[in-house]
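Chain residues, written in single-letter form:
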Amino acid sequence: MSSSPAASEVSPIADAAPQSLCARSPHVPADRLVAEMVPPPRFDAVRFATYLPDPNQPSQTEAVRILEGFAGGLGGAHAVAGGRRGLFGLGKAKAPKTPAGPRGVYLDGGYGVGKTHLLASLWHATPAEPALKAFGTFVELTNLVGALGFQQTVQTLSGHRLLCIDEFELDDPGDTVLVSTLLGRLVEAGVALAATSNTLPGKLGEGRFAAADFLREIQGLSARFRTLRIDGEDYRHRGLPEAPPPYSDEQVTKAAYATPGASLDDFPHLLDHLAKVHPSRYGALTDGLSAVCLTDVQPVPDQSTALRLVVLADRLYDREIPVLASGLPFDKLFSEEMLNGGYRKKYFRAISRLTALARDAKGLVATD
C-alpha cells in the first residue's frame, strides 16, 4: 500500500504502513452509485417504532401515523408493468403518467426533531426490495446526475418505488432547478417522493420552518407534495460545539501507524487530491478505512475547495470514521467570509461533523 508523505518519515509501529487517501483514485461503476443510495450506517437500525414522539408535540405522533400509511400505500405494483427495470430502464414500456394529487411528502421542521430518522424509517418501511428504493442527500443526488448525466439518471431511477431526499438544498438555484426538473420526470414515471430541506441563507435565525421556501423552489411539483409539519425542541445540544484541541504531527503519525486500517495524509495535499476525484466517488475513497489521520490542518483556501471538503466530511460522518488531526482545530477551517456567505449552513455542518469525528478519535492516541 502507498503511504502518505508524513508516513514515510516514521518507522512502522503496526505491521503495515498507513494507507493514503491521496493514493486512491476510485472508479465507481454506475450500478454501485445507485446501489449505495440507501440510508447511511448510523440510520441502519432506525424504524418508526424507534422514533420516540414528544408527548407534548402531537404533530410528531401524527407524522409517524401519516408516514406509515404513505409507506403502506407504496406496496402495490409499480407503474411499470412487471416491476423492476434494468439499471438504465431499457427494454421496458414507458410508464403511464400517475394521477394528479399528492405523490410525495415533505417533512418540515426545525433542527433536531428527527426528520432524517423519519425519512430513513419511511425508506425501511416501504414494502419493496432495496434496489427499488433510493435514499440520499440533495448533494448526492446532484453528484449522481453529474456522474451519469441527466437522461441516464432519469432512466436509472424511473423504475424505483420511492426516492427520499434529505437536506434539499434551497441555497443553490442552479442545482435546485436541475433536481426539480429531475423530480418532475420521476413523478411522471410513477416514483413516489419524500424530502426534507435546509433553511435558506439569511433565515437561519428567523424561525424554524421552510415549507413555503421548499414548495416555491420546486415550482410545478408543489401540488404533488403533502407537507407534514413536525414541531418540537432540538433533542441535540444546540449551537456549534467547540472543536477539541488538535494533536501534534508526531502523535497523529504514531496513531496512524498503530491503528490497523488507518489512513495518513497531509491536509493541504488531500485538498489538492479532492479536486481530482469526482465528489460522487468520495464514499469509495474511504472504503475499508478505520480512521482518517491528517497532519497540518490549515484554513481552506477557497470556496470550491471548501465545498469539496464538506462532501468528504459528510461521507466520513455517514460511515462513522474517526478523524485525528494536527494543525488548526476544525472550527478554524473556514473564513469569516465563508461562514457569513450563502453556503454557511454547509460549512457549519462540516465543522460540527468533523468535530464529532475528532472526538471519536481520542482513543487512537496512546496516553503515556
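- An unreviewed UniProt entry lists the protein chain under the name Cell division protein ZapE, from Streptomyces sp. 900105755.

### A word on the environment of Pro301
Right, on to step 1. Mapping Pro301 onto the fold places it in the loop between β7 (291–297) and α11 (303–318).
Right, on to step 2. A C-alpha to C-alpha distance of 9.1 Å links Pro301 and Leu333, two positions 32 residues apart in sequence.
Right, on to step 3. If sequence neighbours within four positions are ignored, Pro301 has contacts with Leu271 and Met338.

### Remarks on the pairing of strand β3 (residues 162–168)
Right, on to step 1. Within β3, six of the seven residues are buried, leaving the element largely enclosed by the surrounding structure.
Right, on to step 2. Sheet topology places strand β2 (residues 133–137) next to β3; five bridges connect them, and they run parallel. Residue Phe135 lies in a different strand from β3, and its bridge partner there is Cys164.
Right, on to step 3. In the sheet, β3 pairs with strand β4 (residues 192–197) via five bridges, with the strands oriented parallel. Bridging across to β4, Ile165 finds its partner in Ala195.

### With respect to the environment of Leu285
Right, on to step 1. Tracing the backbone shows Leu285 in helix α10 (residues 282–285).
Right, on to step 2. Judged by relative accessible area, Leu285 falls into the buried class, the value being 0%.
Right, on to step 3. Taking C-alpha positions, Leu285 is 9.4 Å from His27, a pair spaced 258 residues apart along the chain.
Right, on to step 4. Leave out the neighbours within four places in its chain, and Leu285 touches Leu21, Arg24, Pro26, His273 and Leu274.

### Some details on the nonpolar core
Right, on to step 1. Counting 37 residues, the largest nonpolar core has Val292, Leu294, Leu309, Phe330, Leu333, Phe334 and Tyr347 as the members making the most contacts within it.
Right, on to step 2. For this core, the secondary-structure elements that each account for two or more residues are α9 (267–274), α10, β7, α11, β8 (323–327), α12 (336–339) and α13 (344–360).
Right, on to step 3. Sort the elements by how many residues they give to this core and α11 lands first, with eight residues.
Right, on to step 4. Grouped together as the second largest cluster of nonpolar side chains are 33 residues, Met37, Val179, Leu186 and Ala284 included.

### Observations regarding the packing of helix α5 (residues 150–157) against helix α6 (residues 173–188)
Right, on to step 1. At their nearest, the axes of α5 and α6 sit 10 Å apart, and the two run at 40° to each other. Relative to α6, α5 is oriented oblique. Our pair here, α5 against α6, has a crossing hand that is right-handed. Contacts between α5 and α6 involve Phe150, Gln151, Thr153, Val154 and Leu157 from the first element and Leu178, Thr181, Leu182, Arg185 and Leu186 from the second.
Right, on to step 2. Grouping the constituent residues of the contact of α5 with α6 by class yields six nonpolar, three polar and one charged.

### Observations regarding the pattern of salt bridges
Right, on to step 1. As enumerated under the stated definition, the model contains ten salt bridges in all.
Right, on to step 2. In this structure, the salt-bridge partner of Arg229 is Asp231, at a minimum N-O distance of 3.3 Å.
Right, on to step 3. A salt bridge links Arg315 to Asp318; the shortest N-O distance between them is 3.1 Å. Taken together, the residues span about one helical turn, with Arg315 and Asp318 both in helix α11 at a distance of three residues.
Right, on to step 4. The exposure class assigned to Arg315 is buried, which follows from its relative accessible area of 4%.
Right, on to step 5. With relative accessibility at 10%, the residue Asp318 sits in the buried group.

### Things to note about the sheet that holds β3
Right, on to step 1. Sheet architecture is open: five strands sit in the order β2-β3-β4-β1-β5, paired in parallel fashion. Edge positions in the open sheet fall to β2 and β5 (225–230), since each of these has one partner strand only. Within this sheet the neighbouring strands show an average axis-to-axis angle of 15°, counted without direction.
Right, on to step 2. Relative to β5, strand β1 (residues 104–109) runs parallel, the two being bridged by six bridges. Bridging from a neighbouring strand, Leu107 pairs with Leu228 of β5.

### What about the sheet that holds β7?
Right, on to step 1. Sheet architecture is open: three strands sit in the order β6-β7-β8, paired in parallel fashion. Strands with a single pairing partner mark the edges of an open sheet, and in this sheet they are β6 (262–266) and β8. Averaged over all pairs of adjacent strands, the angle between their axes in this sheet comes to 15°, without regard to strand direction.
Right, on to step 2. Summarising the sheet, β6 and β7 pair through five bridges and their orientation is parallel. By the bridge assignment for β7, Ala262 is matched with Ala291.
Right, on to step 3. Strands β6 and β7 of the sheet are contacted by α9, whose axis makes an angle of about 110° with β7.

### Description of the packing of aromatic side chains
Right, on to step 1. Tallying each qualifying case throughout the model produces two aromatic pairs.
Right, on to step 2. For Arg42, the ring lying beneath its charged end belongs to Tyr317, and the centroid distance is 3.8 Å.
Right, on to step 3. Here Lys133 stacks its cationic end above the ring of Trp123, 4.2 Å away from the centre of that ring.

### What to know about α11
Right, on to step 1. An ideal rise of 1.5 Å per residue puts 22 Å on 16 residues; α11 measures up with 23 Å between its terminal C-alpha atoms.
Right, on to step 2. The element α11 is extensively covered by neighbouring structure, given that twelve of its 16 residues are classed as buried.
Right, on to step 3. Listed in full, the buried residues belonging to α11 are Thr305, Ala306, Leu309, Val310, Val311, Leu312, Ala313, Asp314, Arg315, Leu316, Tyr317 and Asp318.
Right, on to step 4. The opening residue of α11, the one whose side-chain oxygen lies 3.2 Å from the backbone nitrogen of Ser304, is Asp302.
Right, on to step 5. Note on α11: the residue one or two positions beyond its end, Glu320, has a positive phi of about 55°.

So, how was this worked out
Residues numbered from 1 in each chain as written. Predicted model: local features only at pLDDT ≥ 70, side-chain atom pairs only at ≥ 80, totals over all residues. Heavy atoms only, no water. Helix = DSSP H or I, 4+ residues; strand = E, 2+ residues; numbered from the N terminus. Contact = heavy atoms within 4.5 Å. Buried < 20%, exposed > 50% of the residue type's maximum accessible area, 1.4 Å probe, protein only. Pairing = 2+ DSSP bridges. Core = buried A, V, L, I, M, F, W, Y, C linked by side-chain atoms within 4.5 Å. Axes fitted to C-alpha atoms, helices over the stretch in contact; angles between N-to-C directions. Parallel < 35°, antiparallel > 145°, perpendicular 65-115°, else oblique. Left-handed = near helix turned anticlockwise from the far one by under 90°. Nonpolar A, V, L, I, M, F, W, Y, C, P; charged D, E, K, R; others polar. Salt bridge = Lys/Arg side-chain N within 4 Å of Asp/Glu carboxyl O. Phe/Tyr/Trp six-rings, centres within 6.5 Å; stacked < 30°, edge-to-face > 60°. Lys NZ or Arg CZ within 6 Å of the ring centre and 35° of its normal. Expected span 1.5 Å × (residues − 1). Polar contact = N/O pair within 3.5 Å; in protein donor to acceptor, adjacent residues only side chain to side chain.

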